[in-house]
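Each chain, letter by letter, is given below.
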Amino acid sequence: MPTETFEFQVEARQLLQLMIHSIYSNKDVFLRELVSNASDALDKLRLAALRDDALDADVSDLHIELEIDREARTLTVRDNGIGMSYDEVGQLIGTIANSGTAEFLRELREAKDAAGAEGLIGQFGVGFYSGFMVADEVTLVTRRAGETKGTRWSSRGEGTYTLQEVDDAPQGTSVTLHLKPADSDNQLHDYTSVWKIKEIVKRYSDFITWPVKLVGEAAGEGDAGEGDAPAEPETLNSMKALWARSRDEVSEDEYHELYKHISHDWRDPLETVQLQAEGTFEYQALLFVPSHAPHDLFTQNFQRGLQLYVKRVFIMDDCEALLPPYLRFVKGVVDAQDLSLNVSREILQQDRHILMMQRRLTKKVLASVKSMKADDAERYGTFWREFGAVLKEGLVTDSDNRDALLAVSSFATTHGEDEQVTLEQYAQRMPDEQEAVYYITGESRQSIDNSPHVEAFRERGIEVLLLTDPVDEVWVDVVGEFQGKRLQSIAKGEIDLGAQGDEKSEGEREKQAEEFAGLLGWMTEQLAEDVKEVRLSSRLTVSPACIVADADDLTPALENMYRAMGQ
Ligand code: ADP
Ligand code: MG
């Protein structure tokens, strides 16, 4: 088969341009990305071999190799993992499938200036392409485990790449970077330096569970005696499972690097949560709350779940059974001692131990949000802005944890532009005679804050919660009441504000009713097609009239939500 030349997909080309001109100053991370891919490939092969006895693959010595060739000025990252088929190389390397990267490009287009762009690049994983930050040519040779033919991919990053079938490729993937000459005399960017490579691996990839070895002529350097026989390839990473170590032994940076490896996010997480459960069913968990909500969090195909390990061995990605859907933004690792290596998703869904783990992990995450709220208002603010709308789904679906969820849920209010209050705070400051917790729902704060419904309450100094997420319509009904006070929409049904903050006497109201009886009757007739009833109201102070829904009608926002859901 001859060498074929292909064009990169448009997005891929844009990304490559960015990498080549390297507006991102921390180039070292390219190695983290390549080692991370190699590690994933080894995980996949191990698993494939476990599932399929017939797979013709060698899994006896899985590892990652780094090889420096000073003369040729190349650095090679090699793994003997799952590899890729000819078609897969085209699909996976020639296009941008990763949704995070697509999101990155979208934001980048909006950023426009270089400073904004650099900030963005620092935040998104650009994976394989980051090799082009340090190389002016990249070649990849790969053979998929179980297949006989291999594939050679090569590109200078300038719009096209070539693909070629090869006969003698070893199983797995090797990526060779032809390093840019410009970096050779800059100590900081000399990626043929053993010292430099060791430092990068230690910093970014220490926890990788497969050995990362330095091989070839450069490998023995830095050891005591010179001119000795070639040393054993040196393993650069400690391979220590961070989740199994105690928290004071592990630095914040180490946790963050693990987060980046498993989440494919380049930003630091907002919160790290560790749990080590002992007893009859032993497991360790290391969970992370990201600092930003992914753009597809509310879509059907959002990939949720944690990585599951059994006794340090990677079993699966996106294990949904370990956390409820309303914590789907949480990333992390769970390592269980007593599960079978062959455990399947179906089994996990029904396993009693898994259910216990899910309960405990849920409580642990909620407890950490609670302490974040108590100790660090700013971080909690970020958390709530990014994930509040998801967390509130739990108020509907998880009655066991409802109180814990309410304790960390806060809402905008008529009593302050930027203030957010919990139901607890609301209840504490409401006057004794107030009968209900008042709220209004709508699409935006602005639209409800200025609505005629809010007028009477504002006039009388009665606090109203302003709820603007679609899920708000639902949880208020499910929760129903708080500390014996019902949750009452001010846009629904008749509200008797009674004497609270009102100057009109009973007698005055009766007089008004008589006075307007004729007008109301006439209006009811005229509007018969559109409304059920026209009545006098004590809710308005400035606006002459407003439309009120029946207590059990759908509110407009909920109607919209159901319509959006296709119902
Ligand atoms: P990501 O790792 O976030 O998916 P990358 O750009 O790093 O994005 O890699 C793209 C895809 O290419 C990977 O998802 C994987 O399927 C494939 N790939 C990359 N490197 C390797 C490798 N060493 N072995 C096998 N497949 C790989
Ligand atoms: Mg990757």
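Located above this text is the structure these notes cover.
Computed from a predicted model, the values in this text were never measured in an experiment.

Q: Can you walk me through the packing of helix 9 (residues 352-375) against helix 10 (residues 377-391) in this structure?
A: Any two packed helices are characterised by how steeply their axes cross, that is the angle between the axes, and by the distance between the axes. Look at helix 9 against helix 10: their axes get within 6 Å of each other, and the N-to-C directions meet at 130 degrees. When the axes of helix 9 and helix 10 are compared, the pair comes out oblique. The element helix 9 and its partner helix 10 pack so that their crossing is left-handed. Across from V369, M372 and K373 in helix 9, the residues of helix 10 making contact are R379, Y380 and F383. Taken together, the residues that form the contact of helix 9 with helix 10 break down as four nonpolar, no polar and two charged.

Q: What's the story with the site of ligand 1 in this structure? I'm lost.
A: Near ligand 1 you find 17 residues, and of these N37, A41, L92, G127 and F128 are the closest. At the level of elements, helix 2 (29-51) and helix 3 (86-94) are the ones that each hand at least two residues to the shell around ligand 1. Among the elements that make up the shell around ligand 1, the one with the highest residue count is helix 2 (four residues).

Q: Looking at this structure, how should I read unusual backbone geometry?
A: If a residue is not glycine, its phi is most likely negative; likewise, a peptide bond is most likely trans. Although it is not a glycine, R73 adopts a positive phi angle of roughly 50 degrees. With respect to the element layout, R73 can be found in the loop between strand 2 (64-69) and strand 3 (74-79). Judged by the 18 C-beta atoms lying within 10 Å of it, R73 falls in the partly exposed class. Within the chain, H264 stands out as a residue other than glycine whose phi angle is a positive 60 degrees. Position of H264 among the secondary structure elements: in the loop between helix 7 (252-263) and strand 10 (271-277).

Q: Looking at this structure, I do not really get the sheet that holds strand 7 (residues 172-179). What am I missing?
A: Where strands meet in a sheet, backbone hydrogen bonds hold them as pairs that are either parallel or antiparallel. Strand order across the open sheet formed by nine strands is 1-6-5-4-7-3-2-8-9, with mixed pairing between neighbours. Looking at the sheet topology across the chains shown, the edges are occupied by strand 1 (4-7) and strand 9 (234-235). Pairing of strand 4 (residues 135-143) with strand 5 (residues 150-155) involves five bridges; the strand directions are antiparallel. Note on strand 5: the bridge partner recorded for V138 is S155.

Q: Could you clarify how one ought to interpret the pairing of strand 20 (residues 485-489) in this entry?
A: On a regular strand, each side chain points to the face opposite its neighbour's, so the side chains alternate between the two faces of the sheet. Of the pairings in the sheet, the one linking strand 17 (residues 436-441) to strand 20 comprises four bridges and is parallel in character. The residue bridging A436 from the neighbouring strand is R486, located in strand 20. One ladder, built from two bridges, connects strand 19 (residues 481-482) with strand 20; its direction is antiparallel. Across the sheet, residue E481 finds its bridge partner in strand 20, namely R486.

Conventions and cut-offs
- Residues numbered from 1 in each chain as written.
- Chains lettered and ligands numbered in written order.
- Predicted model: local features only at pLDDT ≥ 70, side-chain atom pairs only at ≥ 80, totals over all residues.
- Axes fitted to C-alpha atoms, helices over the stretch in contact; angles between N-to-C directions.
- Helix = DSSP H or I, 4+ residues; strand = E, 2+ residues; numbered from the N terminus.
- Parallel < 35°, antiparallel > 145°, perpendicular 65-115°, else oblique.
- Left-handed = near helix turned anticlockwise from the far one by under 90°.
- Contact = placed C-beta atoms within 7 Å.
- Nonpolar A, V, L, I, M, F, W, Y, C, P; charged D, E, K, R; others polar.
- Near = placed C-beta within 6 Å.
- Buried ≥ 20, exposed ≤ 12 C-beta atoms within 10 Å, placed from the backbone.
- Pairing = 2+ DSSP bridges.

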